[in-house]
Amino acid sequence: MEIGGIYESIKDKIPFKPKIGLVLGSGLGNFADSYEIKAKINYNEIEGFPVSTVVGHAGCYLFTYIHDIPVVIMSGRVHYYEGYTAKEVVLPIRLMGMMGIDRLILTNSAGGINLSFRQGDLMVITDHISSFVPSPLIGKNDESLGERFPDMSSVYDRILTRLLIFAGEKAGSPVKEGVYVQTTGPNYETPAEIKMFRSLGADAVGMSTAIEAMAARHMGIRVCGVSCITNMASGIAEGPLSHTEVASIAGRSGEQFSKLIDTAIPLISEG
Ligand code: HPA
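So, how was this worked out
- In every chain, residue numbers begin from 1 and rise along the written sequence.
- Given that this is a predicted model, residues contribute local features only at a pLDDT of at least 70 and side-chain atom pairs are listed and counted only at 80 or more, while totals for whole chains, interfaces and linings are drawn from all residues.
- As a convention, hydrogens and water are excluded, and side-chain values are obtained from all of the structure's heavy atoms.
- Burial classification: accessible surface area is computed with a 1.4 Å probe over protein chains only, and a residue below 20% of its type maximum counts as buried, one above 50% as exposed, and the rest as partly exposed.
- Secondary structure counts use DSSP, requiring at least four H or I residues in a row for a helix and at least two E residues in a row for a strand, with both numbered from the N terminus.
- When DSSP locates at least two bridges between a pair of strands, those strands are taken to pair.
- In these notes, residues near a molecule or strand are those with any non-hydrogen atom within 4 Å of it.
- Here a polar contact means two N or O atoms within 3.5 Å. Within protein one must be a hydrogen donor candidate and the other an acceptor candidate, and residues neighboring in sequence count only if both atoms are side-chain atoms.
- Note on residue categories: nonpolar means Ala, Val, Leu, Ile, Met, Phe, Trp, Tyr, Cys or Pro, charged means Asp, Glu, Lys or Arg, and polar means any other residue, Gly included.
- Orientation is described by axes fitted as lines to C-alpha atoms, over the contacting stretch for helices, and by angles from 0 to 180 degrees between their N-to-C directions.
- If an angle is under 35 degrees, it is roughly parallel; if it is over 145, roughly antiparallel; if it lies from 65 to 115, roughly perpendicular; otherwise it is oblique.
- Here a crossing is called left-handed whenever its near helix is offset anticlockwise from the far helix by less than a right angle, and right-handed whenever the offset is clockwise.
- By definition in these notes, contact holds between two residues if any of their heavy atoms fall within 4.5 Å.
- For this analysis, a salt bridge means a side-chain nitrogen from Lys or Arg found within 4 Å of a carboxyl oxygen belonging to Asp or Glu.

Among the seven residues that make up strand β4 (residues 69-75), seven are buried, leaving the element largely enclosed by the rest of the structure. Neither face of β4 is open: one carries Ile-69, Val-71, Ile-73 and Ser-75, the other Pro-70, Val-72 and Met-74, and all of them are buried. One ladder, built from seven bridges, connects strand β3 (residues 60-66) with β4; its direction is antiparallel. For Cys-60, the partnering residue across the bridge sits in β4 and is Ser-75.

With that out of the way, let us pick up the site of the ligand. Around the ligand sit Ser-109, Ala-110, Gly-111, Tyr-188, Glu-189, Val-205, Gly-206, Met-207, Thr-230, Asn-231, Leu-241 and Val-246, and those are all the residues in its vicinity. Here a nitrogen atom of the ligand sits 3.3 Å away from a polar atom, N or O, in the main chain of Gly-111. When contributions to the shell around the ligand are tallied by element, the ones reaching two or more residues are β5 (103-112), β8 (204-206) and β9 (222-232). Top element by residues in the shell around the ligand is β5. It accounts for three residues. A class-by-class count of the residues in the shell around the ligand yields six nonpolar, five polar and one charged.

What follows concerns the packing of helix α1 (residues 3-10) against helix α3 (residues 91-99). Between α1 and α3, whose axes approach to 10 Å, the crossing angle comes to 60°. The angle between α1 and α3 falls in the class oblique. For the crossing formed where α1 meets α3, the hand is right-handed. Taken together, the residues of α3 that come into contact with α1 (itself represented by Ile-3, Gly-4, Ile-6, Tyr-7 and Ile-10) are Leu-91, Arg-94, Leu-95, Met-98 and Met-99. Here the residues of the contact of α1 with α3 are counted per class, giving eight nonpolar, one polar and one charged.

Per the counting criterion, the structure on display carries eight salt bridges. The salt bridge partner of Lys-38 is Glu-36, with a shortest N-O separation of 3.2 Å. Residue Glu-212 is joined to Arg-77 by a salt bridge in which the shortest nitrogen-to-oxygen separation is 2.8 Å. Of the two residues, Glu-212 sits in helix α6 (residues 210-218) while Arg-77 sits in the loop between β4 and α2 (86-89), which places them 135 residues apart along the sequence. One network of salt bridges, in which partners are shared, links Lys-19, Asp-102 and Arg-103.

So, in structure tokens, the structure goes:
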């Protein structure tokens, strides 16, 4: 089904026009628990929607007010490594654009490449490298969404990014800043790959986000993002990487992460 048809099929379940979209990465899974949910649309109720297969990635849109700001939350996302095309992976982002969001906050867990980072740090994303994954914009361009050759010179909105950094200070947990590189996953990287990414200017590595940010920019949505550094990347930390450990650190940082986002939302809504 075309995206227009998918949007039409869920339109009546959307309780209000959301201003901000928020994608919850692992570790922020409980974020929505503190807010009164006005409506919920399970991804598996949406015909034509890619449904996540990752354990622990619940899948639904949640509609709530956060400090009186109408927000749509993606609780769970789909990843390229699940076997969907890049275009399919960004369909949920495009649907939020059609719901009316004009600002998007992307969150994820990531491995730290910058040697000054520590496990548990939060990193506001200042730019990304998406060259190791296919563009979600490949294929016939849907002119109703955006132009054929969209600019990517400022994917992460400078003002929203400053506000996220300010929110970190205000919430009592100053953040780091850096460049995020997206890999396909699902395997973690080799130490040689991490050295290469560092030499290319990346500060953190993960398996999501960059292509979502591109699809949002294509639609003219203002984007900002934050990574939870759940582990130092391959070859920096001693011993092998495990998803269990990544998930556990993400969980522990959840409270700090939630406080940052809760503080940031009113600022971002005005910014
Ligand atoms: N690499 C890729 N993705 C990740 C990592 C990592 O080290 N940690 C969390 N997500």
